[in-house]
Amino acid sequence: MKVLRLFALPTLFLLIIHSAAAQTSSLRGVVLHSESGVPVPHAHILLQPKTPGSGTPQSQSADEQGVFHIRNIAATGWTLRVTRAGYRPQTIDVQVPADEERNVIMYLTEVPYETRPIIVTGTHRHSGPGHDEELGSVLRGKELDRELGLSLAATLKNEVGIAMRSMGPAPARPVVRGLGGDRVFLAEDGIKTVDLSSTSPDHAVTIEPFGAERIEVLRGPRILTKSPVTIGGMVNVVRHDIPIDMHQDVIGSFGLYGETANRGYLASLGTEAPAGPLLLRGDISRRETGDVRTPVGNLGNSYSRTLNFALGGSMIREQGMIGVAQRHYTLSYGVPGGFVGAHPRGVNIEMERRQSSAKGSLNMHSDFLHDIQLTAARTYYRHKEFEASGLIGSEFLIVDWQAGMTLNHHAIGIVDEGLIGVSASHRDVTFGGFVFTVPAVSWSLAPYVYERFHLGAFNLEAALRLNHDVISPVTEKKDTRIGHIRERSFTTWSASVSALYPLTDIVRVGANVSRSSRVPTIEELYSEGPHLAAYSYEVGNPDLGEEHGIGTELFVTHKYDGFSWTLTTFRNLLTSYIIPRNSGEINYSTFLPIYRTVGVEALLYGLEGQLAWAISEQVLFDLSVAYTQGSIGDDGDPLPQIPPLKARGALSWRSGSWQLGLSMDAAAAQHRVDTFEEATAGYTVVNAFVQYTRITGGWIHNLSLNGDNLFDREYRNHLSRVKSILPEAGINVRATYKLHFSWM
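Treat the numbers as computed from the prediction; the structure is a model and nothing was measured.

Caption draft 1: Local environment of the overall build of the protein chain. Looking only at helices and strands, the protein chain features five helices and 43 strands. Across its three principal directions, the C-alpha atoms of the protein chain cover 80 × 55 × 55 Å. Classification of the 744 residues of the protein chain by burial places 58% in the buried group. Of the contacts formed within the protein chain by residues at least 6 apart in sequence, a portion of 64% connects residues at least 24 apart. Counting every atom, the protein chain has about 29,100 Å² of accessible surface; 59% of that belongs to carbon and sulfur.

Next up, the structure:
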């Protein structure tokens, strides 16, 4: 990704210099290889008006540097299609305003090739370079292959500002800038992932990262189209369970993965094929791991077994598309025991998620509306926790419905593009075993609007979202030990504005200001009883109010040929920040420590920096650093579970099909801890990788070999609940093989 930016951003920067003199509407772009970032020369460019008669179709070929420039075109909406032999065709929509020049980057993915061109993926930029990049990042291609781990959190842990909360290898969840739980919105293809991973550290995320086309980490106003929580961020795993790009070839991928620290392996197969007017897709993967080996011994009961498969199909026409998909995910894993905050003998957990989803869009040939999109999903989620004897200790069942409608519109005045939408959800939660939380039903309705526009040299984005949530317990209870259990309703609002301004040709500054809202969950309101795997007695608070706050972010970027850096500072002030805290009390009927859910005022602030330097054409150097500090109220007591100062440096060499690299991860000690929280020491870990790509007979083979913790260093992740008994994994070799194939 960083390598790709080194090519993409300077190139686009040069395009913008030329565009300053533009007097009529035009479209300028560059075509780049999606994995290496190098220009793709002589791609065929076809530009057609979205509304018949509103413009004259034009075509041309990109030059040796992948650059194209189409002048004197009508100010209207266009469909841009790029094709090149040996690459997947890419099509995007772009709005060209009057007397301005649009700049786009088209990323083409190389595919097996014999006699005619095939498939692709790509990204477009409507309002100048980098605006999305400063407010997020994307893992894809070879970088994604290299970072793939056991879980989604393990795959993302090296991204700037992201840490991994865990209670063993399988139950892990990403934490962004110290914010965890449902403040980080997890989604697949934009649909919220329904599970219980946000409620307790022993609950795993039901997403298999292997086989993803890309993983997006997003911040900024656009998140409000999915969630009212703007300050944490959104992690979106893109697979296209419902295919959206029509083609005439059978394409697919086969993958194998293995690692030594847990003797784990994975096999996967995915394919997409046309069938008359339909486009069909399917994938399946199976993963098994054993107990993790650490430098001081094995971590008992840390195994996992996963089965993940999906089937989908769609009908794509010029007027729009409609499609459906079914995904089934099962996971069995162990939660280690023998430490404070865990069952003495460990716990085994089984979870199952079945999701049915549908998507449709209708292209509108009008001056205002571009298209209407509809989405719907039903998720069945079941979660069982077993004691070592085999008896069920806890059981959870969720049936969740989601639906949404979005109207995307064309440019209007200073507005370049935007959308208006509404989403609704309904959730039914029941409990079993020794969980005494009252079952409850919740529903939510949320209209929202998002606009991207410009004021002079400023590129801006803004969004507003209103939420009305109702949470109803099945039975109202007035005199319980936690208070009056009753129906609660919340009406909240969230807003976000971001701006990007070019100080010079190579330096840009930006800012983002957000008001974030979050409604307490059913568990935070009504919990009352033991939690087997966490080995705690959890007490909710039915009087909790909404969590809301103001988040600010300032950043500056410098991007020049072969050298770039970004510096970001942020500050989030939250009222009624909802967290479970160890009360220091014991429930003497179960002899478990009592964790009470409370709302406190919280302040989180920090700094992030990234640097990428192309020392030569083959040698690259990357450096990143992230720091977050969290405090409670005016007295400044530390917030629990805040990651320490963390840095990562990497030196890599690339030539032809080979890429080699050496990296070092370092973390400072964390002594700012909450009451009953354990401090951790700092550490330094050295890693290495080698990647090789080969094309044989029209098939593409990608092989990645990683060595983690090469010196078998004993270190502990501050956000791991297991750190009190054993450190993180010792020396580990990960091997990933992916084969991309195609038949005509």
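Caption draft 2: Local environment of the packing of aromatic side chains. On inspection of all chains with the given rule, the structure shows six aromatic pairs. Geometrically, the ring pair formed by Phe 210 and Tyr 257 is edge-to-face, given 6.3 Å between the ring centres and 65° between the ring planes. You can see Phe 210 sitting in the loop between strand E12 (191–192) and strand E13 (214–218) and its partner Tyr 257 sitting in strand E15 (residues 250–259), a full 47 residues away along the chain. With respect to class, Phe 210 is no different from Tyr 257; both count as buried.

Caption draft 3: Looking closely at the pairing of strand E1 (residues 26–33). Among the eight residues that make up E1, eight are buried, leaving the element largely enclosed by the rest of the structure. A two-sided burial pattern is seen for E1, the buried positions comprising Ser 26, Arg 28, Val 30 and Leu 32 on one face and Leu 27, Gly 29, Val 31 and His 33 on the other. Of the pairings in the sheet, the one linking E1 to strand E7 (residues 101–108) comprises eight bridges and is parallel in character. Bridge pairing in E7 links Leu 32 to Tyr 107. With four bridges joining them, E1 and strand E4 (residues 67–70) adopt antiparallel strand pairing. Across the sheet, Leu 27 pairs through a bridge with Ile 70, a residue of E4.

Caption draft 4: Fine view of the sheet that holds strand E5 (residues 77–83). If you trace the four strands from one edge of the open sheet to the other, you get E3-E2-E5-E6, paired in antiparallel fashion. Taken across any chain shown, the strands that pair with only one partner, and hence form the sheet edges, are strand E3 (58–61) and strand E6 (90–95). For this sheet, the mean inter-axis angle between neighbouring strands, taken without regard to orientation, is 20°. Pairing of strand E2 (residues 44–49) with E5 involves six bridges; the strand directions are antiparallel.

Caption draft 5: Spatial organisation of the sheet that holds E4. The sheet built from three strands is open, its strands ordered E4-E1-E7 with mixed pairing. Only two strands of the sheet have a single neighbouring strand rather than two, namely E4 and E7. Averaged over all neighbouring strand pairs, the angle between strand axes comes to 20°, with direction disregarded.

Caption draft 6: Spatial organisation of unusual backbone geometry. Even without a glycine there, the phi angle at His 240 is positive, about 65°. Among the secondary structure elements, His 240 is positioned in the loop between strand E14 (233–238) and E15. Although it is not a glycine, Asn 301 adopts a positive phi angle of roughly 55°. Turning to its location among the elements, Asn 301 is positioned in the loop between strand E19 (297–299) and strand E20 (304–317). Of the residues examined, Asn 301 reaches a relative accessible area of 22% and is grouped as partly exposed.

Caption draft 7: Representation of the confidence of the model for the protein chain within the structure. Averaged over every residue, the pLDDT of the protein chain is 87; the share at 70 or more is 91%. Confidence drops under pLDDT 50 across residues 1–23; counting only partners more than four residues distant or on other chains, this segment forms 56 contacts. Here residues 112–134 is a poorly scored stretch, pLDDT under 50, and it has 96 contacts once near neighbours within four places are set aside; other chains count.

Caption draft 8: Main features of a negative patch on the surface. Taken together, Glu 601, Asp 634, Asp 635 and Asp 637 make up a surface patch of like negative charges. Among the secondary structure elements, Asp 634 is positioned in the loop between strand E37 (619–632) and strand E38 (637–638). Looking at Asp 634, the relative accessible area reads 80%, which means it is exposed.

Caption draft 9: Representation of the pattern of salt bridges within the structure. Applying the stated criterion across every chain yields a total of 32 salt bridges. Residues Glu 208 and Arg 287 are paired through a salt bridge, measuring 2.7 Å at the closest nitrogen-oxygen approach. A residue pair is termed long-range when its members are at least 10 positions apart, and Glu 208 in the loop between E12 and E13 and Arg 287 in strand E17 (residues 278–289) qualify at 79 residues. The closest approach of N and O atoms between Asp 241 and Arg 281, which form a salt bridge, is 3.4 Å.

Caption draft 10: Focus on the nonpolar core. With 38 residues, the main nonpolar core has Tyr 333, Met 351, Ile 471, Ile 522 and Tyr 526 as its most contacted residues. Listing elements by their share of this core, those giving two or more residues are strand E21 (320–335), strand E22 (347–363), strand E24 (392–409), strand E25 (415–433), helix H5 (522–526), strand E33 (536–539) and strand E36 (592–614). The element contributing the most residues to this core is E21, with four residues. Among the nonpolar cores identified, the runner-up in size contains 20 residues, and Val 40, Ile 45, Leu 80 and Tyr 87 belong to it.

Caption draft 11: Seen up close, the environment of Thr 379. Relative to the helices and strands, Thr 379 is located in strand E23 (residues 369–386). On the accessibility criterion, Thr 379 (0% relative accessible area) is buried. C-alpha of Thr 379 to C-alpha of Phe 210: the two residues are 169 residues apart in sequence and 21 Å apart in space. When residues no more than four places from it in sequence are discounted, the contact partners of Thr 379 are Val 194, Arg 353, Arg 354, Gln 355, Ile 398, Val 399 and Asp 400.

Caption draft 12: How the structure looks around a nonpolar patch on the surface. A cluster of nonpolar side chains, contributed by Leu 278, Leu 280, Met 315 and Ile 322, occupies part of the molecular surface with about 330 Å² of accessible area. For Leu 278, the position within the fold is in strand E17. The class for Leu 278 is partly exposed, based on a relative accessible area of 33%.

Caption draft 13: How the structure looks around the side chain of His 410. Tracing the backbone through its elements, the reader meets His 410 in the loop between E24 and E25. Its relative accessible area of 8% is what places His 410 among the buried residues. Within the structure, His 410 has its side chain in polar contact with the backbone oxygen of Leu 369 (distance 3.2 Å). If sequence neighbours within four positions are ignored, His 410 has contacts with Lys 50, Gln 95, Ser 366, Asp 367, Phe 368, Leu 369, His 370 and Asp 416.

Quick notes on the rules
- Residues numbered from 1 in each chain as written.
- Predicted model: local features only at pLDDT ≥ 70, side-chain atom pairs only at ≥ 80, totals over all residues.
- Heavy atoms only, no water.
- Helix = DSSP H or I, 4+ residues; strand = E, 2+ residues; numbered from the N terminus.
- Buried < 20%, exposed > 50% of the residue type's maximum accessible area, 1.4 Å probe, protein only.
- Contact = heavy atoms within 4.5 Å.
- Areas by Shrake-Rupley, 256 points an atom, 1.4 Å probe, with all protein chains shown as cover.
- Phe/Tyr/Trp six-rings, centres within 6.5 Å; stacked < 30°, edge-to-face > 60°.
- Pairing = 2+ DSSP bridges.
- Axes fitted to C-alpha atoms, helices over the stretch in contact; angles between N-to-C directions.
- pLDDT = per-residue confidence, 0-100.
- Patch = residues over 30% accessible without salt bridge, like charges linked within 9 Å, V, L, I, M, F, W, Y side chains within 5 Å.
- Salt bridge = Lys/Arg side-chain N within 4 Å of Asp/Glu carboxyl O.
- Lys, Arg positive; Asp, Glu negative; His and termini not counted.
- Charge placed at Lys NZ, Arg CZ, Asp CG, Glu CD.
- Core = buried A, V, L, I, M, F, W, Y, C linked by side-chain atoms within 4.5 Å.
- Polar contact = N/O pair within 3.5 Å; in protein donor to acceptor, adjacent residues only side chain to side chain.

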